[in-house]
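Residue-level structural notes
Now for the letters of each chain:
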Amino acid sequence: MKLGFAVKVLGREGLKSNDSRRWQNSPHLSVSLAYLRDLLVYLRETGIKMYRMSSDLAPYVTHPELTQFHGQIEECAEELAAIGQMAREQGVRLSFHPSAFVLLNAADETVAQKSIADLTAQARMLDLMGLGPEAVVVTHVGGRYGNKAESLRRFVERYRTLPEPVRRRLVLENDERSYTFGDVYAVHEQTGIRLVFDQLHELCNPTPGLTLRAALERALATWPAGQTPKIHYSTTRTAMIETADKRLQMPLLSQHADLIDPFAFIDLLRSAKGLRDFDVMLECKAKDIALLRLREHLHRLAPDLVQAWRIE
DNA sequence: CGATGTCAAGGAATC
DNA sequence: GATTCCTTGACATCG
C-alpha cells in the first residue's frame, strides 16, 4: 500500500511543483520537469511512493488563444521519458487530477472540447513518460445542469468518443455533492471505466443502501487483476465557532483538514480486512508533512497493519 | 523590500 | 441577474 500526496511539497524548502510564471514570461514544461526531477529526489529520500503532479505542469498547453505553448509536450518527449524512467526505477506511482474547470459532461460543447483537450494533454504526458496503466488521470462526472440522468448520460457518451489513449488513462471519482459512488458505479457498468473511491466524499454524499466497506469493495473490483487500485482519503476539517461563553470545534463537511486522523485511518484499514491491496492518495493541507506524520503514527499505533498491508 | 493585486477557465447556491 | 463560495499559491507590480 503506497501512500501519496498531491502537488505541493511543504516538508522541504525550495521544491516547486510547476513553472507557474505568467504567460508573458514564457513558462515552459521543461522547467516544470526540472522541478519534478528535484521533487522525485526528495521522494526517494523520504521513501514516498505516490505523487499527484500539478495540473499546470505543462503551462497553457491547451489555452485556446496562447497557441505558442501548444507544442511543448511533444518538444519535451525525451525529458518526459527520462522523468518517467526515474519514477519507474524508484517505484513512484504518478497521476494527474485536472482542475474543476474540466467538465467532460458539460452542457456547453466548447467547455466539453476544452476539457477533452486537457485530458488528452495529461494522458499524453503519462504516455510519453512510459508509465504503466496505474498512472491515471482522475476526473469527476461534472455538473448536474438541472438533470442528473441526462448529465450522466452525456458523460458516458463523451467518454465513448474519447481517443483510445485518453480513455485508457481516465478514471472516475465520486464527488461530495452531485454524483455518489452509486452514480459513478453505474457509469463503470456502462463503460468499464475504473473508479477511484473517495472515502470522505462517500461520507458527505453517501450511496443509499451501501455500506462504506461494500462501496470500497466494489470500487476496488473495477480495477483489473494485476493493477493496484487507489482511493482518496482525507479527514474533515473543523472550525472554531463562538457561543455565548465558549469556543467550540465543529466539523466542516467536505473540507480537508491539515492532517490525517490516524485513528480513523486505522479504522479504515481494519474495516478493509480481507479486501485486495490498494494505494491511498491523502488529500490534506499539510501535504507530504501529513503523509510522513501519518506514517509515524501508524508505525507506533498499529505496526501489525503496517506489516500486513506493507504500507510505504 | 514589504504590501497588495492578480491569475484562463465553471457550477451551484443564495438572494 | 448578480454575488459569493469552492480554494490557493505565488507571481508581478506597486509604493
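Structure report, in brief.

What counts and how
- Residues numbered from 1 in each chain as written.
- Chains lettered and ligands numbered in written order.
- Predicted model: local features only at pLDDT ≥ 70, side-chain atom pairs only at ≥ 80, totals over all residues.
- Heavy atoms only, no water.
- Salt bridge = Lys/Arg side-chain N within 4 Å of Asp/Glu carboxyl O.
- Helix = DSSP H or I, 4+ residues; strand = E, 2+ residues; numbered from the N terminus.
- Near = heavy atom within 4 Å.
- Polar contact = N/O pair within 3.5 Å; in protein donor to acceptor, adjacent residues only side chain to side chain.
- Phe/Tyr/Trp six-rings, centres within 6.5 Å; stacked < 30°, edge-to-face > 60°.
- Buried < 20%, exposed > 50% of the residue type's maximum accessible area, 1.4 Å probe, protein only.
- Contact = heavy atoms within 4.5 Å.

**Re the pattern of salt bridges**
As enumerated under the stated definition, the model contains 13 salt bridges in all. Notably, a salt bridge pairs Arg158 with Glu109, separated by 3.1 Å at the nearest N-O pair. Here Arg158 is found in helix 5 (residues 148-161), whereas its partner Glu109 is found in helix 4 (residues 109-128), with 49 residues between them in sequence. Between Asp304 and Arg270 there is a salt bridge, with its nearest N and O atoms 3.2 Å apart.

**Some words on the protein's contact with DNA strand C**
Around DNA strand C lies a shell formed by Lys8, Lys16, Ser20, Arg21, Arg22, Asn25, Gln255 and Lys285. Near the protein, within 4 Å, the atoms of DNA strand C are sugar or phosphate in 90% of cases. Lys8 is positioned with one of its side-chain polar atoms (N or O) 2.4 Å from a phosphate oxygen of DNA strand C. Taking Asn25, its side chain carries an N or O atom lying 2.4 Å from a phosphate oxygen of DNA strand C.

**Re the packing of aromatic side chains**
For the structure shown, the criterion picks out seven aromatic pairs. When the ring of Phe155 is compared with that of Tyr159, the centres are 6.5 Å apart and the planes differ by 10°; the resulting orientation is stacked. With Phe155 and Tyr159 both in helix 5 and four residues apart, the pair spans about one turn of that helix. No difference in accessibility class separates Phe155 from Tyr159, as the two residues are buried. Here Phe181 and Phe197 contribute two aromatic rings whose centre-to-centre distance is 5.6 Å and whose plane-to-plane angle is 85°, an arrangement assigned as edge-to-face. In this pair, Phe181 is assigned in helix 7 (residues 181-191) and Phe197 in strand 6 (residues 194-198), connecting sequence segments 16 residues apart. The class for Phe181 is buried, based on a relative accessible area of 0%. For Phe197, a relative accessible area of 0% puts it in the buried group. Here the aromatic residues Phe181, Tyr185 and Phe197 are joined through ring pairs into a cluster of three or more.

**Overview of the protein's contact with DNA strand B**
In the region of DNA strand B, 13 residues are neighbours, and Arg22, Tyr60, His63, Arg144 and Tyr145 sit closest. Per the 4 Å cut-off to the protein, sugar and phosphate atoms form 51% of the nearby atoms of DNA strand B. Tyr60 has a polar side-chain atom sitting 2.4 Å from a phosphate oxygen of DNA strand B. Measuring from a sugar or linking oxygen of DNA strand B, one finds a side-chain N or O atom of His63 at 3.0 Å.

**Thoughts on the environment of Ile48**
Secondary-structure assignment places Ile48 in the loop between helix 1 (29-46) and strand 2 (50-52). Overall, Ile48 belongs to the buried group, its relative accessible area being 1%. The residues contacting Ile48, other than those within four sequence positions of it, are Leu3, Phe5, Leu43, Val92, Asp288, Leu291, Leu292 and Arg295.

**Remarks on the side chain of Thr180**
By secondary structure assignment, the location of Thr180 is in the loop between strand 5 (170-173) and helix 7. In this structure the side chain of Thr180 is engaged in a polar contact, spanning 3.2 Å, whose partner is the backbone nitrogen of Gly182. Filtering out sequence-adjacent residues up to four positions away, Thr180 remains in contact with Asn174, Asn205, Pro206 and Thr207.

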